[in-house]
Amino acid sequence: MTGTLARSRPHLGGVVPPTLQTLPAAVAENLAIVRRRTRARVMAVVKADGYGHGARAVAHAAVEAGADWLGTTDVAEASALRAAGLTVPILTWLHPSGVDAETAAVDRIDVAVGSVDELEAWLPDACRSVRVHLNMDTGMAREGCPPPEWEALIARAQQAQRQGRIRVVGLMGHLPSADRARPEANEAAVVQLRRAGRALTAAGFGAPLTHLAATSGTLTDPATHFGMVRVGAGLVGIDPSGTTDLHGASRLTAPIVHRTTAGPGTPVGYDGAFVTTRPTNLGVLPLGYADGIPREIASAASVEIRGRRYPVVGRVSMDQIVIDTGADAFPLGTTATVFGPRGGAAPTVHDWARWAGTIPHTVVTGIGPRVRRTVA
Ligand SMILES: *Cc1c(COP(=O)(O)O)cnc(C)c1O
């Protein structure tokens, strides 16, 4: 599968524009690694456009590799996946633009509800049989329902189910230490979710599909797996627990669009934050902070050209960065790899995150709309 965009645009003068290429084979390998860690069902979380990798591409790759469910933030994203031909169950949990209950019912999109007022607002009397997961707060004070309000939510859900407005099919929580391998820190959340499960069963909801763990819990703590795990970062090669070697699922490249030679003592970029110390070749890559290159990178950042690393020098501009290729003078249009999968000569998203003092998630989700997307 090659991105159609790639073929519809000519590469003027042989220049391939900045491109983020998604690697579905890596997504499939990551899903297989996750599968080996759990007997629970696996939800592939593809919110934020599949962590910047293209929700449809990641969803198709994950489902073909055996993911049982898909997860997104809202119903519109889920509907787009239905339109793309994905038929597995889909759960949405935050609803930035409210819930289109009609679409949720028609497209069989499950909706997580974290409070009585959400239940009333999103799933009014007129709606018909939307599948609901009760979203219980398990220690984050974020989108879940706080324990003192569980009883009221469960009672209201019972009533709505009797009216035929909803069908409670799931129970979810979220682990506060999603970014660390600390099973002991998960215990309280596990106990909380079990307690919520007992309350649902006592209220006549049977044994709903229960889910708590994201990537880190999935990879490090089987006690958190319950009936399903929800894996997003792990699919695209990010293991927040740092315990597995997952496969980076994208490659960001950019062409050299301007080149110069510079003598020693030449200031480069804004404020002359870098000054050359020798005669050298400089190349400009048309990617800047507007495209997701973190402006915070320290002096260590580099890109790869033909198997070698070359440093990024000077400040990151809005639209461009400058690389110092030393004695190597590359022709215009030469492709540089900004990041790629682990194991090659190119940096990884983990390297960029380290250089910028952030997490890899912000690097991959930050790649801007000017960057062309293709699928390998
Ligand atoms: C984003 C998200 C996930 C996936 O988390 P990862 O750490 O990226 O695997 C799971 N559950 C919920 C509710 C989320 O918002």
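Residues numbered from 1 in each chain as written. Predicted model: local features only at pLDDT ≥ 70, side-chain atom pairs only at ≥ 80, totals over all residues. Heavy atoms only, no water.

A. Fine view of the pattern of salt bridges. Going through the model one piece at a time under the given rule, you end up with 14 salt bridges. The shortest N-O distance in the salt bridge between Asp324 and Arg278 comes to 3.6 Å. Taken together, the positions of Asp324 in strand S17 (residues 321-326) and Arg278 in the loop between strand S13 (274-275) and strand S14 (280-285) put the pair 46 residues apart, joining distant regions of the chain. Notably, a salt bridge pairs Arg308 with Asp328, separated by 3.0 Å at the nearest N-O pair. Placement of the pair is Arg308 in strand S16 (residues 308-313) and Asp328 in the loop between S17 and strand S18 (335-339), with a sequence separation of 20 residues. Asp328 sits in the partly exposed class, given a relative accessible area of 24%. Residues joined in a network through salt bridges with shared partners are Glu120, Asp125, Arg156 and Arg165. (Salt bridge = Lys/Arg side-chain N within 4 Å of Asp/Glu carboxyl O. Helix = DSSP H or I, 4+ residues; strand = E, 2+ residues; numbered from the N terminus. Buried < 20%, exposed > 50% of the residue type's maximum accessible area, 1.4 Å probe, protein only.)

B. Examining the UniProt feature "active site" (unreviewed entry) in the protein more closely. In the numbering used here, UniProt assigns the feature "active site" (unreviewed entry) to Lys47 and Tyr270. For this annotated set, covering 224 residues, the C-alpha atoms extend up to 35.5 Å from each other, a dispersed arrangement in space. When the annotated set is filtered for residues lining the largest pocket, what remains is Lys47. Looking at the element boundaries, Lys47 is found in helix H3 (residues 47-51). Given a relative accessible area of 29%, Lys47 falls into the partly exposed group. (UniProt positions renumbered as here; feature names shortened; annotations may be inferred. 1 Å grid on protein atoms, 1.4 Å probe; cavity = no way out; pocket = protein on both sides within 12 Å on 5 of 7 lines; lining within 4 Å.)

C. Representation of the layout of surface pockets within the structure. Here the largest pocket is characterised by a volume of approximately 520 Å³. Elements represented by at least two residues in the lining of the largest pocket include exactly H3, helix H10 (215-220), strand S9 (228-231) and helix H12 (360-365). A total of three residues in the lining of the largest pocket trace back to one element, the largest contributor, which is H3. Partitioning the lining of the largest pocket into residue classes produces 14 nonpolar, seven polar and five charged. Counting contributing residues per domain, the lining of the largest pocket is built from domain 1 (24-236) and domain 2 (250-375), each supplying no fewer than three. (Points joined across faces, edges and corners; volume = space filled by probe spheres on them. Nonpolar A, V, L, I, M, F, W, Y, C, P; charged D, E, K, R; others polar. Domains from an automatic or database assignment.)

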